[in-house]
Amino acid sequence: MSHRGRGLLAATITVAALAALAACSPGATNDSGEANDTVTLVTHDSWSVPDEVIAAFEEESGYRLEVVPSGDAGALTNKLVLTKGNPLGDAVYGIDNTFATRAVDEGVLAEHVPADLPASAEQYRLEGAAGDQLTPVDWGDVCVNADDRWFAAHDLAPPRTLDDLLDPAYEGLLVTPGASSSSPGFAFLLATIGKYGVDGWQDYWTRLLDNGAKIVSDWSEAYEVDFTAGGGGGDRPLVVSYHSSPPFTIPEGERRPTTSALLETCFRQVEYAGVLEGAANPEGAKALVDFMVGETFQEALPENMYVVPVDDTVDLPPLWEKWARPAPHPITVPAEEIAEHRSEWIRAWSDVTAR
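Quick caveat, the model's predicted, so the values are computed rather than measured.

**Student:** Which residues make up the nonpolar core, and what are the values?
**Tutor:** Grouped together as the largest cluster of nonpolar side chains are 74 residues, with contacts concentrated most on Ile 95, Leu 165, Trp 205, Leu 208 and Leu 238. Tallying contributions element by element places helix 7 (residues 183–196) first for this core, with 7 residues. When neighbours within four sequence positions are excluded, Leu 165 is seen to be in contact with Val 144, Pro 159, Leu 174, Phe 188, Tyr 204, Leu 208, Asn 211 and Leu 238. Listed in part, the 25 residues of the second largest apolar core include Val 49, Leu 65, Ala 91 and Val 275.

Below, the structure is given as structure tokens:
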């Protein structure tokens, strides 16, 4: 899988099928009714942690780790809601701030706050009950990325802002994952809501589509198929991706990326871990969440998951300092507003984009 497969299309799955999967989860009790020594993590499909890090957790905790990939952040949250009371595992990682309040409101999480949460993680903690149930692990900025080589070859300056994307000079150049089917797609929608307000974002999207923006199902299709720098022979030099994407476009033997992130278009996405309510092994789940904010796991995040650790004492890869700078002023939307209006905004977005 490529470096940021966060945008996988949420699978349609029945409650019965999910319940059946939960019943045979490695985190369930054994035939004697005693909890086994396995802790089961439900996570997104971009989970990519080195074997030596998993081995460190297993040695430190005494538990064996099993991983259940479950789509992107949206699909993951939906599956947890559908299996409430009979969870797919013991712990979850990958719920982000665009879906966090839904998971909390639906009662799928148990309370747990690591005793050794890094001080720098406090700024990413959610307010109220959500902050006691979801532990911040990492973050990254969802931004429009530009294929700089394409723009240079066409003697055209790349856009800088969301407003610029409406310029006729960029007609037909942008591809974005859909807000209803993709976590980064929804984050991009939130960026436009944060920028233009509840009274202006729909008009912005109408004008964006009038300027030829293309909507696809997920991040992988947008970046790897339609984006000109994604390796798939695409024809769109602008794509919704991440601020950490450019370093991974540095050609072998060269020193600079072929792409850049437009830092005035970014929405900050934070990923969380938590203990699932009704977990067969809650103590193992707590140990795993604690491990995720510890030094060993935090140091593995940038090179393997391409996100920024919440522990700001962790050194980032040297190339990130130069080519993966985060947005100095990311666009934000309060979590409580996302929780209150998510369904309404997605319905309205679907209406605007259905034409």
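**Student:** Help me get a handle on the packing of helix 7 against helix 8 (residues 201–210), residues and values and all.
**Tutor:** At a minimum axis separation of 8 Å, helix 7 and helix 8 run at an interaxial angle of 120°. On the basis of the axis angle, helix 7 is oblique to helix 8. As helix 7 runs across helix 8, the sense of the crossing is right-handed. Between helix 7 and helix 8, the contacting residues are Phe 188, Leu 189, Thr 192, Ile 193 and Tyr 196 on the first element and Trp 201, Tyr 204, Trp 205 and Leu 208 on the second.

**Student:** Break down the pattern of salt bridges for me, with residues and values.
**Tutor:** Taken as a whole and judged by the stated rule, the model has 9 salt bridges. The closest approach of N and O atoms between Arg 149 and Glu 254, which form a salt bridge, is 2.9 Å. Of this pair, Arg 149 sits in helix 6 (residues 148–153) while Glu 254 is found in the loop between strand 8 (238–242) and strand 9 (259–261), placing the two residues 105 residues apart along the sequence. Via salt bridges that share partners, Glu 122, Arg 125 and Asp 132 belong to a single interconnected network.

**Student:** Go over empty space enclosed by the protein, please, and point to the residues and values.
**Tutor:** Within this structure, the stated rule accounts for 3 cavities of 30 Å³ or more. Considered as a void within the structure, the largest cavity measures approximately 50 Å³ in volume. Across the lining of the largest cavity, the residue classes break down as 4 nonpolar, 2 polar and 2 charged. Volume-wise, the second largest cavity comes out at about 40 Å³. In this structure, the second largest cavity is lined by Trp 47, Val 49, Val 53, Ile 54, Phe 57, Leu 65, Leu 288, Phe 291, Met 292 and Phe 297. Looking at the lining of the second largest cavity, the elements that each hand over two or more residues are helix 2 (51–61) and helix 10 (282–292). Along the lines of polarity and charge, the residues of the lining of the second largest cavity split into 10 nonpolar, no polar and no charged.

**Student:** So what's going on with the packing of aromatic side chains? Which residues, and what values?
**Tutor:** Within this structure, the stated rule accounts for 15 aromatic pairs. Every member of this aromatic cluster is reached through a ring pair, and the members are Trp 47, Phe 57, Tyr 93, Phe 291 and Phe 297.

**Student:** An account of the packing of helix 2 against helix 10 is needed here, citing residue identities and associated values.
**Tutor:** Here helix 2 crosses helix 10 at 130°, and the two axes come no closer than 11 Å. Relative to helix 10, the element helix 2 is oriented oblique. Of the two elements, helix 2 crosses helix 10, and the hand of that crossing is right-handed. The segment helix 2 lies against helix 10, with Val 53, Ala 56, Phe 57, Glu 60 and Ser 61 engaging Gly 284, Ala 287, Leu 288 and Phe 291. Tallied by class, the residues present in the contact of helix 2 with helix 10 amount to 6 nonpolar, 2 polar and 1 charged.

**Student:** Would you mind going over the environment of Ala 129 in detail, with residue names and values included?
**Tutor:** With respect to the helices, strands and loops of the structure, Ala 129 is situated in helix 5 (residues 129–133). Each C-alpha atom, one on Ala 129 and one on Arg 160, is 38 Å from the other, the two residues being 31 residues apart in sequence.

**Student:** Can you explain a positive patch on the surface? Please cite residues and give values.
**Tutor:** On the surface, Arg 255, Arg 256, Lys 322 and Arg 325 cluster together into a patch of positive charge. Along the chain, Lys 322 falls in helix 12 (residues 318–323). Relative accessible area serves as the criterion here: at 54%, Lys 322 is assigned to the exposed category.

**Student:** Which residues make up helix 8, and what values do they have?
**Tutor:** The α-helix winds at 3.6 residues per turn, so residues separated by three or four positions along the chain end up facing the same way. Turning to helix 8, its buried residues are Trp 201, Tyr 204, Trp 205, Leu 208 and Leu 209. Down the axis of helix 8, the smallest arc covering the buried residues is 130°, so these residues share one side. At the C-terminal side of helix 8, Gly 212 shows a positive phi close to 90°.

**Student:** How would you summarise the pairing of strand 10 (residues 267–276) if you had to cite specific residues and measurements?
**Tutor:** Burial of strand 10 is extensive: 10 of the 10 residues sit out of reach of the surface. Pairing between strand 3 (residues 91–96) and strand 10: 5 bridges, direction antiparallel. The partner of Tyr 93 across the bridge, within strand 10, is Ala 273. Bridge analysis of strand 4 (residues 109–110) against strand 10 gives 2 bridges, and the strand direction is antiparallel. Considered in strand 10, the bridge of Ala 110 is made with Val 275. Alignment of strand 5 (residues 135–147) against strand 10, held across 7 bridges, turns out to be antiparallel.

Procedures and definitions
- Residue positions are given per chain, counted from 1 along the sequence in the order it is written.
- Given that this is a predicted model, residues contribute local features only at a pLDDT of at least 70 and side-chain atom pairs are listed and counted only at 80 or more, while totals for whole chains, interfaces and linings are drawn from all residues.
- Just so you know, side-chain values use all the structure's heavy atoms and leave hydrogens and water out.
- Definition of nonpolar core: a set of buried residues of the types Ala, Val, Leu, Ile, Met, Phe, Trp, Tyr and Cys, connected through side-chain atoms within 4.5 Å.
- Partly exposed describes any residue whose relative accessible area lies between the buried limit of under 20% and the exposed limit of over 50%, with all areas from a 1.4 Å probe on protein chains only and scaled to the type maximum.
- Secondary structure elements follow DSSP: runs of H or I of four or more residues count as helices, runs of E of two or more count as strands, with numbering from the N terminus.
- The contact criterion used is simple: two residues touch if any of their non-hydrogen atoms lie within 4.5 Å.
- Only C-alpha atoms enter the line fits that serve as axes; for helices the fit covers just the stretch in contact. Angles between N-to-C directions range over 0 to 180 degrees.
- Here roughly perpendicular refers to angles of 65 to 115 degrees, roughly parallel to angles under 35, roughly antiparallel to angles over 145, and oblique to all remaining angles.
- Crossing handedness is read from the near helix: turned anticlockwise from the far helix by less than a right angle, it gives a left-handed crossing, and turned clockwise, a right-handed one.
- The salt bridge criterion pairs a side-chain nitrogen of Lys or Arg with a carboxyl oxygen of Asp or Glu, the two atoms within 4 Å.
- Definitions used throughout: a 1 Å grid over protein atoms alone; a cavity as a set of points that fits a 1.4 Å probe which cannot get out; a pocket as an open set with protein on both sides within 12 Å along at least five of seven lines; a lining residue as one with an atom within 4 Å of a point.
- Grid points are joined across faces, edges and corners, and a volume is the space filled by probe spheres set on the points.
- Three classes are used: nonpolar for Ala, Val, Leu, Ile, Met, Phe, Trp, Tyr, Cys and Pro, charged for Asp, Glu, Lys and Arg, and polar for all others, with Gly counted as polar.
- Pairing of aromatic rings covers Phe, Tyr and Trp, the last counted by its six-membered ring, and requires centre-to-centre distances within 6.5 Å; plane angles under 30 degrees mean stacked, over 60 mean edge-to-face, and any other angle means tilted.
- Each patch is built from salt-bridge-free residues with over 30% relative accessible area, joining like charges within 9 Å and nonpolar side chains (Val, Leu, Ile, Met, Phe, Trp, Tyr) within 5 Å.
- Here, Shrake-Rupley sampling with a 1.4 Å probe gives the accessible areas, and only protein chains in the shown set may cover a residue.
- When charges are counted, neither His nor the chain ends are considered; positive counts come from Lys and Arg and negative counts from Asp and Glu.
- For this purpose, a charge sits on NZ of Lys, CZ of Arg, CG of Asp or CD of Glu.
- Directions pointing from the helix axis toward each C-beta atom define the arc.
- Here a strand pair is declared whenever DSSP counts at least two bridges between the two strands.

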